[in-house]
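Letter by letter, the chains look like this.
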Amino acid sequence: LQRSTVEQRGLAVAIETERGRLDALLAAMRLGLVFVAADGEVAYCNPAFRDLWQCGETGTGPGQSVAALRQTLLTTGGLPSTTAEALFKGDSLRQEFELADGRTVTQFSVPVRGSGGLERGRLWIFDDVTSQRQTAERLTFLAERDPLTRLANRNRFADELARMMALANRQPEARGALLYFDIDEFKYINDTFGHRTGDAVLLQVAGVVSDLVRSNELLARLGGDEFVILVPDVDG
C-alpha cells in the first residue's frame, strides 16, 4: 500500500509537470487555440486567442458554451453578426473573417480523438493573416507595375492582351483596340537634361494620360518612353 501510494504520487507529479509544459507551450504559441469538447462546452482558450480577438478571460474561460463564446467575440471582436454565425462552424473547412479594424483572421479545426478513435472534441485554430495578405498583395502589385510610373508593366500588358485575344477567339463579335505611343525626342531630353528630368517627363505623361483612360481600359508602360493602351469593347 505504501509503495502504491508513492507510485501514485510520482505519477501525479509527472502528470502535473507535463501539464505545465503543455500549458507553457500553448501559451507561447502565436496561433489562437480553442478546444471545444464533444458536448459543445469550451474546455480551453490560450492567451493568443484572447489577444487576437482583443477580449479578456471573462467570457472566454472554460465551462461555457460555444454560443456564449461566440456572443463574446461578437461584442469584442468587431465582427458583423452575420459573420459571427460562422464562428466554430464548418469543421475542417478553412474560413476567413474580415474584422472591423481591417484585420483578416482565418479559422479551421481538427478533431481530437481518444482511444478507439472516438472523437473527444475539436481544436479550433485561429490565425491573424493580415500581414501575410498585405505582403502578398504588395508583391503582386510590384510584379505587375512599373516601378517609376506605377502603371501596369510589360508583363501585365502581355497577360491582358492574351486574355483579350482569347476572348476574341471564343466570341468573334468581341472587339477591342490597342493604342501605342511614345515620346518624341525622349533620348535628347535624357542626354541633355539628365535622367531625373527624363523620369519627371515620364511621370507627367503617365499622369496626364491616366486621367483620360477609362476604368475598363489598361494603360501600361512597356519600357523607356513606350506606352500602350488596351481598349476593350470598341468597334473598328
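To be clear, the structure that these remarks concern was listed above.
Notes on the structure follow. (Residues numbered from 1 in each chain as written. Predicted model: local features only at pLDDT ≥ 70, side-chain atom pairs only at ≥ 80, totals over all residues. Heavy atoms only, no water.)

A few words on the sheet that holds strand E1 (residues 32–37). Spatially, E2-E1-E5-E4-E3 is the arrangement adopted by the five strands of the open sheet, whose pairing is antiparallel. Of all strands in the sheet, those bounded by a partner on one side alone are strand E2 (42–45) and strand E3 (95–98). Taking each pair of neighbouring strands and ignoring which way they run, the sheet shows an average axis angle of 25°. Here E1 runs beside E2; their pairing, made up of three bridges, is antiparallel. Paired with Val 34 across the bridge in E2 is Cys 45. (Pairing = 2+ DSSP bridges. Helix = DSSP H or I, 4+ residues; strand = E, 2+ residues; numbered from the N terminus. Axes fitted to C-alpha atoms, helices over the stretch in contact; angles between N-to-C directions.)

Counting through the fold element by element, Asn 190 comes out in helix H7 (residues 186–193). A relative accessible area of 14% places Asn 190 in the buried class. In contact with Asn 190, other than residues within four places in its own chain, are His 195 and Gly 198. (Buried < 20%, exposed > 50% of the residue type's maximum accessible area, 1.4 Å probe, protein only. Contact = heavy atoms within 4.5 Å.)

Glancing now at the nonpolar core. In terms of nonpolar packing, the biggest core is built from 20 residues, with Val 34, Phe 49, Trp 53, Leu 87, Phe 88 and Phe 126 touching the most fellow members. Those residues within four positions of Leu 87 in sequence are excluded, and the remaining contacts are Trp 53, Arg 70, Leu 73, Leu 79, Phe 97, Gln 107 and Phe 126. Core analysis: the next-biggest nonpolar cluster, separate from the first, contains 11 residues, Leu 151, Ala 206, Val 209 and Val 213 among them. (Core = buried A, V, L, I, M, F, W, Y, C linked by side-chain atoms within 4.5 Å.)

Pairing within the open sheet is antiparallel, and its three strands lie in the order E6-E8-E7. The two strands at the open ends of the sheet, each matched to only one other strand, are strand E6 (176–182) and strand E7 (218–223). When strand polarity is set aside, the average angle formed by the axes of neighbouring strands in this sheet is 20°. When E7 meets strand E8 (residues 226–232), the two strands line up antiparallel, connected through five bridges. Residue pairing across strands places Leu 219 opposite Ile 229, the latter belonging to E8. With respect to the sheet, helix H8 (residues 195–212) is in contact with E6, E7 and E8, its orientation differing from that of E7 by roughly 160°.

With their axes 6 Å apart at the nearest point, H7 and H8 run at an angle of 140° to one another. Between H7 and H8, the interaxial angle falls into the category oblique. Across the interface between the two elements, Phe 186, Ile 189, Asn 190 and Phe 193 from H7 touch His 195, Thr 197, Gly 198, Val 201 and Leu 202 from H8. Grouping the amino acids of the contact of H7 with H8 by side-chain chemistry returns five nonpolar, four polar and no charged. (Parallel < 35°, antiparallel > 145°, perpendicular 65-115°, else oblique. Nonpolar A, V, L, I, M, F, W, Y, C, P; charged D, E, K, R; others polar.)

By themselves, these are just geometric observations and shouldn't be taken as functional.
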